[in-house]
Protein chains: 2
Amino acid sequence: MTTDRRTSFRDIKSELERRIARRIWPPGATIPGEEALAAEFGVARATVNRAVQELARSGIVERKRKSGTRVALYPVREARLAIPLVRKEIEAKGAAYAYSRLSRAVVAAPDFLRARLALPDSAKVLHLRCLHLADRTPFQFEERWINLDAVPEARGEAFEEIGPNEWLVENAPFSRAEFAFRAARAGRDEAALLQVVEGEAVFVAERMTWLAGKPITFVRMVHPPGHRMVTEI
Amino acid sequence: MTTDRRTSFRDIKSELERRIARRIWPPGATIPGEEALAAEFGVARATVNRAVQELARSGIVERKRKSGTRVALYPVREARLAIPLVRKEIEAKGAAYAYSRLSRAVVAAPDFLRARLALPDSAKVLHLRCLHLADRTPFQFEERWINLDAVPEARGEAFEEIGPNEWLVENAPFSRAEFAFRAARAGRDEAALLQVVEGEAVFVAERMTWLAGKPITFVRMVHPPGHRMVTEI
DNA sequence: AATGCTATTATGTCTAGACATAACGAGTCA
DNA sequence: TGACTCGTTATGTCTAGACATAATAGCATT
């Protein structure tokens, strides 16, 4: 008999999960109080507390003072979606990152952009087109518009070495962001840049950011077929 | 002078956040150890531990034993993605929800599924194909496999009235889930079911769920072109 | 019957101390 | 030089006990 390892809050957590899975405690049922569980497992109440709290955080159970803890009827299905820098994302895969700026121009904000970001008619924006590569293969085509009224410093940046993504992270934090993801067919230009056949299904992520109510930037990120956005709970 | 409320781990957490935001501890810097912070704030080390652990969980700092805690160089921004029931999603748009089961069969787990869910060779699964409609228009084609070893009760359910989604929510909670989103071209069958042209770009969401380490289900949800998955921070 | 107070109860959080574990570095031995 | 051992250090986790707080039920007053 080797050293009996102390029962961890993890052991308790998985045992509770098992009981919920086995319907020993069906959805809606109230599970024993912390005191009782602590006694049953022979651990301190704080240990049970941590186990049950983690279950509550992941939405499996719901807790309420005085009433106790009950198995959730409709577990909250909410995923956290990490938004890394493209560079980090590529490096995390173990691939070599490369960046190339395709074009850069100060232009009057196009109609769709003025509508989306609620910009005035006179608004000037910096329009950028860039390509991010993983091991020399196109990974993401980025088309970005930066509101020069909100971020005038962007005028002085060429974005030849550093991506607008990274530059903005350091120079223009945002307080609010809106994301949209969808599938689309690659247009002629996009197809050529991503080295895929025209009309292929591409994964498009769009992002708008604001700082203190002021629109900062809108970006369209197009990924070649096969790209997967992954997350977990 | 009213009662000095005890300093909570929340107070400590927000003070640490403030210092990081103000660059008192710039990105990459190592912050004081738990012992030191506990002394500074006049609290127990466990309290500091909880504060710092929560910061680590949200990606603001990185911890490593022995080396200490450092401010993350590239804080991972994360968005919360709500994963509602299809029915709720459709109803939230103000559209009428309709559901139809297309097929149901108990089969040996196909290879790709065995690989993904780490199922034994002998595994039996319930294979379902369903369609969810919004105002009589195809909204989502759902193809699902349920691990009968983990959820034997599914054998007794016809899924003619209630979608597997909703049934599982009530009958098999999960502790861990993995999501993947991607773009794909509609196959012949999918195209017909979704009433789109074959080869169109469809938005595919995939989900795998486990309870206490045991695989529960894998589902592929295909949305017609134009579908957008939206979220914000 | 409506209102307000109070005791009870379950969870929430904190303390002080302890041992566990990972990782690093220095010293030791072949 | 290289492999191994062992101490040091910072985080990770647990204990036992305590007080805090929210929510409820029951009692008492109007």
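Scope of this entry: the structure provided in the associated data block. (Residues numbered from 1 in each chain as written. Chains lettered and ligands numbered in written order. Predicted model: local features only at pLDDT ≥ 70, side-chain atom pairs only at ≥ 80, totals over all residues.)

A short note on the overall build of chain A
The number of helices and strands found in chain A is 7 helices and 11 strands. Summarising the internal contacts of chain A: among those between residues at least 6 apart in sequence, 59% fall at separations of at least 24. (Helix = DSSP H or I, 4+ residues; strand = E, 2+ residues; numbered from the N terminus. Contact = placed C-beta atoms within 7 Å.)

Side note on the protein's contact with DNA strand C
The local shell around DNA strand C holds 23 residues, among which A:Gly33, B:Ser8, B:Val43, B:Ala44 and B:Thr47 are the closest. Elements with a contribution of two residues or more to the surface near DNA strand C: α2 (34–41), α3 (45–57) and β3 (68–71) of chain A together with α3 (45–57) of chain B. Counted by class, the surface near DNA strand C contains 5 nonpolar, 8 polar and 10 charged residues. (Near = placed C-beta within 6 Å. Nonpolar A, V, L, I, M, F, W, Y, C, P; charged D, E, K, R; others polar.)

With respect to the pairing of strand β6 (residues 124–134) of chain A
All names here are of chain A. Summarising the sheet, strand β5 (residues 97–108) and β6 pair through 11 bridges and their orientation is antiparallel. Its bridge partner lying in β6, valine 107 is registered against valine 125. Linking β6 to strand β7 (residues 137–147), which pair antiparallel, is a turn of 2 residues; within it aspartate 135 sits at a positive phi near 50°. (Pairing = 2+ DSSP bridges.)

Describing the sheet that holds strand β11 (residues 229–232) of chain A
Taking strand neighbours across the sheet as the criterion, the 7 strands line up as β11(A)-β8(B)-β9(B)-β10(B)-β7(B)-β6(B)-β5(B) in an open arrangement whose pairing is antiparallel. The sheet terminates laterally at β11 of chain A together with β5 (97–108) of chain B, the two strands that pair on one side only. Put simply, the sheet's adjacent strands are angled 15° from each other on average, direction ignored. Pairing analysis gives 6 bridges linking strand β7 (residues 137–147) of chain B to strand β10 (residues 214–223) of chain B, with the strands arranged antiparallel. From the neighbouring strand, B:Ile146 faces β10(B), where its bridge partner is B:Thr217. (Axes fitted to C-alpha atoms, helices over the stretch in contact; angles between N-to-C directions.)

Quick word on the environment of A:Asp111
As for its placement among the helices and strands, A:Asp111 is situated in helix α5 (residues 111–117). With 10 residues separating them along the chain, A:Asp111 and A:Asp121 place their C-alpha atoms 8.6 Å apart.

Structural notes on the environment of B:Ala51
Residue and element names in this part refer to chain B. Turning to its location among the elements, alanine 51 is positioned in helix α3. For the pair alanine 51 and aspartate 11, spaced 40 residues apart in sequence, the C-alpha separation works out to 8.5 Å. The residues touching alanine 51, leaving out its near neighbours within four places in the chain, are Phe9, Ile12, Lys13 and Leu16.

Some points on the packing of helix α1 (residues 9–21) of chain A against α3(A)
Residues and elements named next belong to chain A. Contact pair α1 / α3: the axes reach a minimum separation of 8 Å and the direction vectors enclose 50°. Here α3 runs oblique to α1, going by the angle between their axes. At the point where α1 passes α3, the crossing takes the right-handed sense. Counted together, Phe9, Ile12, Lys13 and Leu16 of α1 and Thr47, Val48, Arg50, Ala51, Glu54 and Leu55 of α3 form the full contact between these two elements. Here the contact of α1 with α3 is composed, by residue class, of 6 nonpolar, 1 polar and 3 charged. (Parallel < 35°, antiparallel > 145°, perpendicular 65-115°, else oblique. Left-handed = near helix turned anticlockwise from the far one by under 90°.)

Description of the sheet that holds strand β3 (residues 68–71) of chain B
Working definition: the strands of a sheet are paired by backbone hydrogen bonds and lie parallel or antiparallel to each other. All names here are of chain B. Pairing within the open sheet is antiparallel, and its 3 strands lie in the order β1-β3-β2. Strands with a single pairing partner mark the edges of an open sheet, and in this sheet they are β1 (30–31) and β2 (61–64). Bridge count between β1 and β3: 2 bridges; the pairing is antiparallel. By the bridge assignment, threonine 30 is partnered in β3 with arginine 70. On top of the sheet, α3 reaches β2 and β3; it is set at about 115° to β2, its chief contact.

What about the packing of helix α2 (residues 34–41) of chain B against α3(B)?
All names here are of chain B. Direction vectors running N to C along α2 and α3 enclose 110°, while the axes themselves pass 8 Å from each other. In this view, α2 runs roughly perpendicular relative to α3, as classed from their interaxial angle. The handedness of the crossing between α2 and α3 comes out as right-handed. In this structure, α2 uses Glu34, Glu35, Leu37, Ala38 and Phe41 to contact α3, whose residues at the interface are Arg45, Val48, Asn49 and Val52. Residues belonging to the contact of α2 with α3 are distributed by class as follows: 5 nonpolar, 1 polar and 3 charged.

Digging into the nonpolar core
Judged by nonpolar contacts, the single largest core of 64 residues is most densely connected at A:Ala183, A:Val202, B:Leu113, B:Val125, B:Ala183 and B:Val202. For this core, the leading source of residues is strand β9 (residues 201–211) of chain B, giving 8 residues. The residues touching B:Val125, leaving out its near neighbours within four places in the chain, are B:Val107, B:Ala109, B:Leu113, B:Trp145, B:Ile146, B:Asn147 and B:Leu148. Residues A:Tyr99, A:Val151, A:Ile216 and A:Phe218 belong to the second largest nonpolar core, which totals 18 residues. (Core = buried A, V, L, I, M, F, W, Y, C linked by C-beta atoms within 7 Å. Buried ≥ 20, exposed ≤ 12 C-beta atoms within 10 Å, placed from the backbone.)

Examining α1(A)
The end-to-end C-alpha distance of α1(A), which contains 13 residues, comes to 18 Å, matching closely the 18 Å that a straight helix rising 1.5 Å per residue would cover. For α1(A), the set of buried residues is A:Ile12, A:Lys13, A:Leu16, A:Glu17, A:Ile20 and A:Ala21. Those residues of α1(A) hidden inside the fold are in contact with α2, α3 and β3 of chain A together with β9 of chain B. A:Arg23 sits one or two positions beyond α1(A) and adopts a positive phi of about 65°. (Expected span 1.5 Å × (residues − 1).)

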